[in-house]
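Here is how the chains run, residue by residue.
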Amino acid sequence: MTAQILDGKATAAAIKSDLTVRVAALKEKGVTPGLGTILVGDDPGSQKYVAGKHRDCAQVGIASIQRELPATATQEEIEAVVRELNADPACTGYIVQLPLPRGIDENRVLELMDPDKDADGLHPMNLGRLVLNEPAPLPCTPNGVLTLLRAHGVEIKGAEVVVVGRGVTIGRPMPLLLTRRSENATVTQCHTGTRDLSAHLRRADIIVAAAGSAHLVRPEDVKPGAAVLDVGVSRSAEGKIVGDVHPGVAEVAGWISPNPGGVGPMTRAQLLVNVVEAAERSVG
Ligand SMILES: Nc1nc(=O)c2c([nH]1)NC[C@@H]1CN(c3ccc(C(=O)N[C@@H](CCC(=O)O)C(=O)O)cc3)C=[N+]21
C-alpha cells in the first residue's frame, strides 16, 4: 500500500484563487489588504520564508509592506517598527518573523502588536480568544493542517489524533483547534517527556508530527491507513529539508503530507486568509 498525498501545494493554490476574488471585491469597496512582515537578522531560512509570503501576496493582490532590521537591532528598535505598523492604515495585518535574535524578548514584542492586526494568530489575546471559543485569527500552521485534511476528505470527527511537539506555533495551539466542537477529535499531546511515544503513535488515526526531530516517526509506529502530517523542518548537511516523518511511512500510512509541498504552503495560504478576513471584518 502506498499512501495518498495530502497535496499542500495544490490546496494552497485553490485557496489563493478564492482569495484573489475576495481581494478584488474588497478593493471595489475601497479597501486594499496589506500584509506587513518584520524580519530581523539575516537567517537565510527566514529570508526565504518571508520572500515566499510576499510572492503569495502579489499573486492574490494583497499589498506588501516589508520591514527589515539588522541582527544587531535592539529591543527598542524592533518595538518601534511594531508601533509603526500598528499605526499604519495601509498595513491591515502583519507578522514578526520568528525566531528573533538572541537577547530579544520575543513575548514582549508579540504583546505589543495590535491583536486586530495579528496575521499569525499568535498574539496572547488571540490565543486566549481561541481558548475561550471567541472568534479570532487562527494560528496558521495548525489551521493549515486542518484545512489540508478537510480538503482531502480525511475524517477528523471522532479521530484519535496524536500531536508530537509542544511549540508555541504548532504543538500548543493544534489540540485547541482539534478539540473544538466543530472538529470533535480526541487528542493526545506527546513531547520529549513522553514515556512511550511509539505506543501512542500506533493508536493514532491522525499523526501531526511537529517536533523538529528528523525522521522521528517511523514506519513501525504507524497504524496502517493512518493520516500522517509532516510539519517538522530540519536541514540535512547539504541544506535539504528533512521532515519528522521517515520516508518508509508512505508504505504504511493511508495519507501523507510531503515535506516540502505539504504543510508549508498551507501555512502561507492561511496567513493570507487571516489578512483577508481581517480586512473583510473592517468593512463589515
Ligand atoms: N511569525 C512567524 N510566522 C510563521 O509562520 C513562521 C515564523 N514566524 N518563523 C518560521 C516559520 C517557518 N514557516 C514556514 C512557512 C512556509 C514554509 C514553506 O512554504 N515551505 C515550502 C518549502 C520551502 C523551502 O524549500 O525551503 C514547502 O514546505 O513546500 C516553510 C516554513 C513559517 N514560520
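Predicted model only: the values in this text are computed from it and were never measured.

(A) Broad picture of the overall build of the protein chain. Scanning the protein chain from terminus to terminus reveals nine helices and 11 strands. In summary, the protein chain has a C-alpha radius of gyration of 19 Å against a globular reference of 19 Å for 284 residues, a match within 12%. With respect to the three principal axes, the spread of C-alpha positions in the protein chain is 50 × 40 × 35 Å. Looking at the protein chain as a whole, 50% of its 284 residues are labelled buried. Taking the intrachain contacts of the protein chain between residues at least 6 apart in sequence as the baseline, contacts between residues at least 24 apart amount to 71%. With an accessible surface of roughly 13,200 Å², the protein chain has 52% of that area assigned to carbon and sulfur atoms.

(B) Examining the UniProt feature "domain: Tetrahydrofolate dehydrogenase/cyclohydrolase NAD(P)-binding" (unreviewed entry) in the protein chain more closely. The UniProt feature table records "domain: Tetrahydrofolate dehydrogenase/cyclohydrolase NAD(P)-binding" (unreviewed entry) at residues 139–282. Within the segment residues 139–282, helix and strand shares are 31% and 17% respectively, and the terminal C-alpha atoms sit 20 Å apart.

(C) Just the sheet that holds strand β7 (residues 206–209), in detail. Pairing is parallel across the open sheet formed by six strands, whose spatial order is β1-β11-β8-β7-β5-β6. If you trace the sheet from one side to the other, it starts and ends with β1 (4–5) and β6 (186–190), each paired once. The strands that helix α6 (residues 140–151) touches are β7 and β8 (227–230); relative to β8, the one it contacts most, it runs at about 145 degrees.

(D) Summary view of the site of the ligand. By nearness alone, 15 residues border the ligand, and Lys-48, Val-96, Leu-98, Asp-120 and Gly-261 come closest of all. Within the contact set of the ligand, an oxygen atom lies 3.0 Å away from a side-chain nitrogen or oxygen of Lys-48. When the free accessible area of the ligand is taken as 670 Å², the share hidden by the protein chains comes to 81%. For the shell around the ligand, the secondary structure elements donating two or more residues are α2 (44–60) and α9 (263–283). Looking at which element gives the most residues to the shell around the ligand, the answer is α9, with four residues. Per-class residue counts for the shell around the ligand are six nonpolar, four polar and five charged.

(E) Structural detail: the UniProt feature "binding site: NADP(+)" (unreviewed entry) in the protein chain. Annotation from UniProt places "binding site: NADP(+)" (unreviewed entry) at Gly-165, Arg-166, Gly-167 and Val-233. Mapping Gly-165 onto the fold places it in the loop between β5 (160–164) and α7 (173–178). The class of Gly-165 is buried, set by a relative accessible area of 8%. If near-sequence neighbours (up to four positions away) are discounted, Gly-165 is found in contact with Gly-171, Gln-189, Cys-190, Ala-210 and Ala-211. Every residue in contact with Arg-166, bar those within four places of it in the chain, is listed here: Gly-171, Arg-172, Gln-189, His-191, Thr-192 and Gly-193. In this structure the side chain of Arg-166 is engaged in a polar contact, spanning 3.4 Å, whose partner is the side chain of His-191.

(F) Representation of the sheet that holds strand β4 (residues 93–96). The strand order β3-β2-β4 describes an open sheet built from three strands, whose pairing is parallel. Single-partner strands in this sheet number two, and they are β3 (63–69) and β4. Neighbour-to-neighbour, the strand axes of the sheet open up by a mean angle of 15 degrees, direction not taken into account. The pairing of strand β2 (residues 34–40) with β4 spans four bridges and is parallel. Paired with Gly-36 across the strands is Tyr-94, a residue of β4. The strands that α2 touches are β2, β3 and β4; relative to β2, the one it contacts most, it runs at about 170 degrees.

(G) Seen up close, the pattern of salt bridges. By the definition in use, this model includes 11 salt bridges. The partner of Arg-129 in a salt bridge is Asp-116, and the shortest N-O contact between them spans 4.0 Å. Pair noted here: Arg-129 is in helix α5 (residues 124–131) and Asp-116 is in the loop between α4 (106–112) and α5, with a separation of 13 residues, a long-range link. Taking relative accessible area as the criterion, Asp-116 reaches 53% and is therefore assigned exposed. One salt bridge in this structure joins Glu-183 and Arg-180, with 2.9 Å as the shortest N-O distance. The class for Arg-180 is buried, based on a relative accessible area of 17%.

Thresholds applied
Residues numbered from 1 in each chain as written. Predicted model: local features only at pLDDT ≥ 70, side-chain atom pairs only at ≥ 80, totals over all residues. Heavy atoms only, no water. Helix = DSSP H or I, 4+ residues; strand = E, 2+ residues; numbered from the N terminus. Rg over C-alpha atoms; globule rule 2.2 N^0.38 Å. Buried < 20%, exposed > 50% of the residue type's maximum accessible area, 1.4 Å probe, protein only. Contact = heavy atoms within 4.5 Å. Areas by Shrake-Rupley, 256 points an atom, 1.4 Å probe, with all protein chains shown as cover. UniProt positions renumbered as here; feature names shortened; annotations may be inferred. Pairing = 2+ DSSP bridges. Axes fitted to C-alpha atoms, helices over the stretch in contact; angles between N-to-C directions. Near = heavy atom within 4 Å. Polar contact = N/O pair within 3.5 Å; in protein donor to acceptor, adjacent residues only side chain to side chain. Nonpolar A, V, L, I, M, F, W, Y, C, P; charged D, E, K, R; others polar. Salt bridge = Lys/Arg side-chain N within 4 Å of Asp/Glu carboxyl O.

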